[in-house]
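Structural description and commentary
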Amino acid sequence: MQEATPERPGSARPAEERRGVAAGAASGASWLQRVFEEVRGSSQLSVAPAEPPPVTVLAVERYLAEAPPPPAAVAPHYWYDVTVADGACQQRCYLAPHLNGLVQRAHLRAGARLRLTRCAYFYDEKRLNYGFLCLEGLERAGGAAPAAAGPHARRRPPPLRGEKKHYLPLWNNEDPYGDMWLAEKPAARVDVDVSKLTSLGQLEMTWRSRVHFQPLLVRVLHKSRLRYYGKPDKKMDMPYQAYFEVADGSGMMSMVLWNSLCPEWYNSMKVGTVLLLEQYAIKTSYPFKTQPTPGDSQMKRFATIEISLNVRDPPTKISIIPEEMVKPEWGLPEVKYRFITRSELDDLPNNHSCDVIGLVTFVGRAERARKREHGEDFWLYRWAHAIDGTSDQPFILELFATSQPDVFERIHPMTYLVCTQMRVVRDVTENPSRTVYLTTSNESQMFITGWHKGQPYTKDAKVKNFIQWTKTQSEADQMKKTVIGGYYPFPRPPSNFLRYCKNNKVESILKAIGEMGREIEDLHYREHKRIAIQGIISAIRYVSFSNAAQDASGVEPAQKAASPSVESSVMSKEDCVHKGKTRNLQNKEVKSLLGGRYSPRERHQLQAQLPRKSSVKRKITHRLHTDTEQGSGSVIPVSSHAYFTRSTTKKFGLNEFQHEDFVQNKNGEVVSESLHYCADQEGMSDIPETGETGRTCDSWQSDLWAKVKDKLMKYLHHSTVFPESIPRKFDYVHKDLLMQQYNLHAAVHQPKEYRSDKNINEFKSASGLGYYEVTVLGINHDVAIDVAFLPLFCPEDTHLLQIEDIQNDTLLSCMSCISACHQKASSNGGLHDMFPLSSEIVKAAVDLDGKHVVCILDVCHLGDDKVEVFLSKIYRTVEPDVLDPM
């Protein structure tokens, strides 16, 4: 596809790519080859192919852009190369920057099918005979990528444009990506001459008077995540840095691995590794770097200087000493840990450093948080729960990527998870027992089943105690409590808005409702963001998941997308280890590491959480809808539903409903009688009848909403609850499929041998039976937005998603508690059509009628045009500039 030219090392036209193109050209079957010839022969070096066939995206890869020449215009921070295949050959192309948003919002991703509507050829004027194809126009094509889309080249050449020599991971900068990152450097068989060694203590005393230093023999005690410090205006081949804490018999010192040594050595320098350093530099320590907490509190720390390892000045010589060759007389310290149990966590102070081990019962989807407002760099993280048998509460873990992508992407329920150098996070102004969680630090490391063998922590007493506990547990019982993915509203916003403002670092705390459209458009794939808006709670509508199953895949014109089938390999019968078996957890998980129902007390607590009965008249309707009538929880305007306002409610007495005390159903479960519906036929006669039963849509609206809803200048509908938003019960047989669903899209297409028709909707929901659509009217009465409130409650594990987390938020607390009772009664064979919009919910809504509130919204981009917007907290404004909790 390109004339023979002198190639720079790792040319943009690797030999295997040219051979594939030549083969396609020889057969005459390659559409991409014909387009390539056509665009190079065009006078404008640009063509719009007629009737382009679909091509498959094999890879989408990101790299640092180069700064534009002055005067500097707004330019992208990163560029993208896209590898496409037409069945006969594959072609790596540069993506025009104006299309970057397609990658950033996961429209353009590996495995997608596209049509190339405009292509151009771009010559590099600073190099002889060098150019590449540029994609300037794309359309989405239907269908899934064929299994035989073609193998993607394993050895990756440098990026097409500019002088950068490597690609970055697609969704963050902290992970190693590409084959330049060596998995393992072989251990060296070297003779260690102890007489020629120096110690860290001697270095600190003599380093200023020396130019060359004697060899060092040290053990790695701590390891940081990678830091990428590349900038478009800086020319540097491998702008990477990683910190290590190393120690010998005299104490501990920081060691820094720089630039191109990182791809060569980073993965091999593990915690516990013994290193022989024969050439290195000593520099003054950087004063603002993070410091890990040593497992041995008595160890001396040399904090004024650090060891610098680089490819020059001087060129570092590093050797890894095999553990079996390490001699006791060398005096190297052992790696020590600070493991805690869950029962000890509640007594630990904020920011305390510790290590934990537990059985994972919940793992959330991978999400991203922007490092700087309006920037293009993101932190990658996910939430997890783990139990260790010492408490009925789990460890709640906020896990940021630690430059261990193979571990991060494979965390799933029922694995044994070890996290080191975690930090305690607690808000002492809130209820400490509810808000405490652990978050990763810069020096955290994570390990799961399959990675434990040979790790130093396997000798720790608390790790051994955990293993003994797992031997007493029934695998089947623990499996019932496992959940994966979905929306996870933690940590909850604080109890009052002033504290929320102090915790928030964005430029502007409050956003106008009219700006929400732009805020949502600016989100990147899996970016999570909390947004505060002022408004008036004006309408509430309950939507059952059974009624909205087809809607949840996205029925809004801008969001409609077919639920994709998820790929998985065929599982053998031996893999189905969790079907009907009751056996101990002492299985391959243990070997790797060392080589629901409510009780009466819980039921009483749940009942006590519900607000007591209300004397306020309901503003409720119980209405049946057909598919055509209901359409979507997001698209149908509120005016199309039969709401009861305060005035119309006066026409009806409360005799339409049973009295509102708590009773027990026939199974003895506590439910609110206000959930039972006994409609007066005459009183409800003005509600249209439909032919379909079981499709309920129960609604309330304020008098103000009835007056202004038809006069709005802008009305945003973002109340769709997508299948990806719902936590699912974990199915071990399909664990690879579920992990793929809740990880980020891969940069390189990896077709499976088998495909499955099973999609995410077919996995059992771990939350409630429905959700609430809440309409927030702008305080100027000219705009409004529909958002969703998703009550999350898992009957099998009441600690997973706790109702009491929002007890100081009356309306949301009511909706959560009533939904929990609804779900519990249904799971026990109770009524499935109990009235979800109870008098307690209506009373809480009426208390807010016409009042200004601040709503905290959790917003997350799920890919394509799917954006979830959930109501997380409501603060009531009492006076201007004074905000109180509800």
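Check the entry above for the structure.
Right, let's walk through the structure included here.

Reading the values: rules and limits
- Residues numbered from 1 in each chain as written.
- Predicted model: local features only at pLDDT ≥ 70, side-chain atom pairs only at ≥ 80, totals over all residues.
- Heavy atoms only, no water.
- Buried < 20%, exposed > 50% of the residue type's maximum accessible area, 1.4 Å probe, protein only.
- Helix = DSSP H or I, 4+ residues; strand = E, 2+ residues; numbered from the N terminus.
- Pairing = 2+ DSSP bridges.
- Polar contact = N/O pair within 3.5 Å; in protein donor to acceptor, adjacent residues only side chain to side chain.
- Contact = heavy atoms within 4.5 Å.
- Salt bridge = Lys/Arg side-chain N within 4 Å of Asp/Glu carboxyl O.
- Core = buried A, V, L, I, M, F, W, Y, C linked by side-chain atoms within 4.5 Å.
- Disulfide = S-S within 2.5 Å.
- Phe/Tyr/Trp six-rings, centres within 6.5 Å; stacked < 30°, edge-to-face > 60°.
- Lys NZ or Arg CZ within 6 Å of the ring centre and 35° of its normal.

A look at the pairing of strand E15 (residues 353-363)
In terms of burial, E15 is a largely internal element, 11 of the 11 residues being buried. Note that E15 and strand E19 (residues 416-425) share 6 bridges and pair antiparallel. Across the sheet, residue Cys354 finds its bridge partner in E19, namely Met422. When E15 meets strand E17 (residues 378-387), the two strands line up antiparallel, connected through 4 bridges. Paired with Val363 across the two strands is Ala384, which belongs to E17. Two strands pair when backbone bridges link them, and E15 and strand E22 (residues 483-484) are joined in this way by 2 bridges, in the parallel orientation. The residue of E22 that forms the bridge with Phe362 is Val483.

Observations concerning the side chain of Thr198
Counting through the fold element by element, Thr198 comes out in the loop between strand E6 (131-140) and helix H4 (200-206). A polar contact of 3.0 Å, which involves the side chain of Thr198, links it to the side chain of Gln202. Each residue touching Thr198, except ones within four places of it in the same chain, is listed here: Leu203, Gln214, Pro215, Leu216, Asp248 and Tyr280.

Some remarks on the pattern of salt bridges
Per the stated rule, a full pass over the model turns up 30 salt bridges. For the salt bridge of Arg219 with Glu323, the shortest nitrogen-to-oxygen distance reads 3.3 Å. With Arg219 in strand E7 (residues 216-223) and Glu323 in the loop between strand E14 (317-321) and helix H6 (342-345), the pair connects residues that are 104 residues apart, well separated along the chain. Relative accessible area serves as the criterion here: at 3%, Arg219 is assigned to the buried category. A relative accessible area of 45% means that Glu323 is categorised as partly exposed. Lys317 serves as the salt-bridge partner of Glu278, at 3.7 Å between the closest nitrogen and oxygen. Of this pair, Glu278 sits in strand E11 (residues 274-279) while Lys317 sits in strand E14; the two residues are 39 residues apart in sequence, bridging distant segments of the chain. In this structure, a network of salt bridges that share partners links the residues Glu373, Lys511, Glu519 and Lys529.

Let's talk about helix H18 (residues 735-742)
With 6 of its 8 residues buried, H18 lies for the most part within the structure. All of the buried residues in H18 are Lys735, Leu737, Leu738, Met739, Gln741 and Tyr742. The secondary structure elements touched by the buried residues of H18 are E17, E22 and strand E29 (728-729).

A look at helix H20 (residues 839-847)
Within H20, 7 of the 9 residues are buried, leaving the element largely enclosed by the surrounding structure. Within H20, burial applies to Ser839, Glu840, Ile841, Val842, Ala844, Ala845 and Val846.

Re the nonpolar core
Judged by nonpolar contacts, the single largest core of 80 residues is most densely connected at Leu95, Leu108, Leu397, Leu399 and Leu438. In this view, Leu95 contacts Tyr80, Val82, Asn100, Val103, Leu108, Leu135 and Leu138; residues no more than four positions away in its chain are not counted. Among the nonpolar cores identified, the runner-up in size contains 37 residues, and Leu523, Ile537, Ile841 and Leu857 belong to it.

Quick word on the environment of Ser725
Its location among the elements puts Ser725 in the loop between strand E28 (714-717) and E29. When the C-alpha atoms of Ser725 and Glu868 are compared, they prove to be 7.3 Å apart, with 143 residues separating the residues in sequence. Setting aside residues no more than four positions away along its own chain, Ser725 makes contact with Arg365, Gly486, Tyr487, Leu790, Leu862, Glu868 and Phe870. Reaching out from Ser725, the side chain makes a polar contact with the side chain of Glu868 at a distance of 2.4 Å.

Examining the state of the cysteines
Tallied over the full model, the rule gives 0 disulfides. Cys134 forms no disulfide, and the closest cysteine sulfur to it belongs to Cys119, at a distance of 8.5 Å.

Digging into the pairing of E19
Where burial is concerned, most of E19 is hidden: 9 out of the 10 residues are buried. Relative to strand E21 (residues 446-447), E19 runs antiparallel, the two being bridged by 2 bridges. Bridge pairing links Cys419 to Met446 in E21. By the bridge criterion, 4 bridges tie E19 to strand E20 (residues 437-440) in an arrangement that is antiparallel. Along E20, the bridge assignment pairs Val425 with Tyr437.

Focus: the packing of aromatic side chains
Summed over all chains, the structure comprises 36 aromatic pairs. Ring-pair connections join several aromatic residues into one group, and the members of that group are Tyr63, Trp79, Tyr94, Phe122, Tyr130, Phe132 and Tyr167. The side chain of Arg62 reaches across the aromatic face of Tyr78, ending 4.3 Å from its centre. Taking the ring centre of Phe378 as reference, the NZ or CZ of Arg368 above it sits at 4.1 Å.

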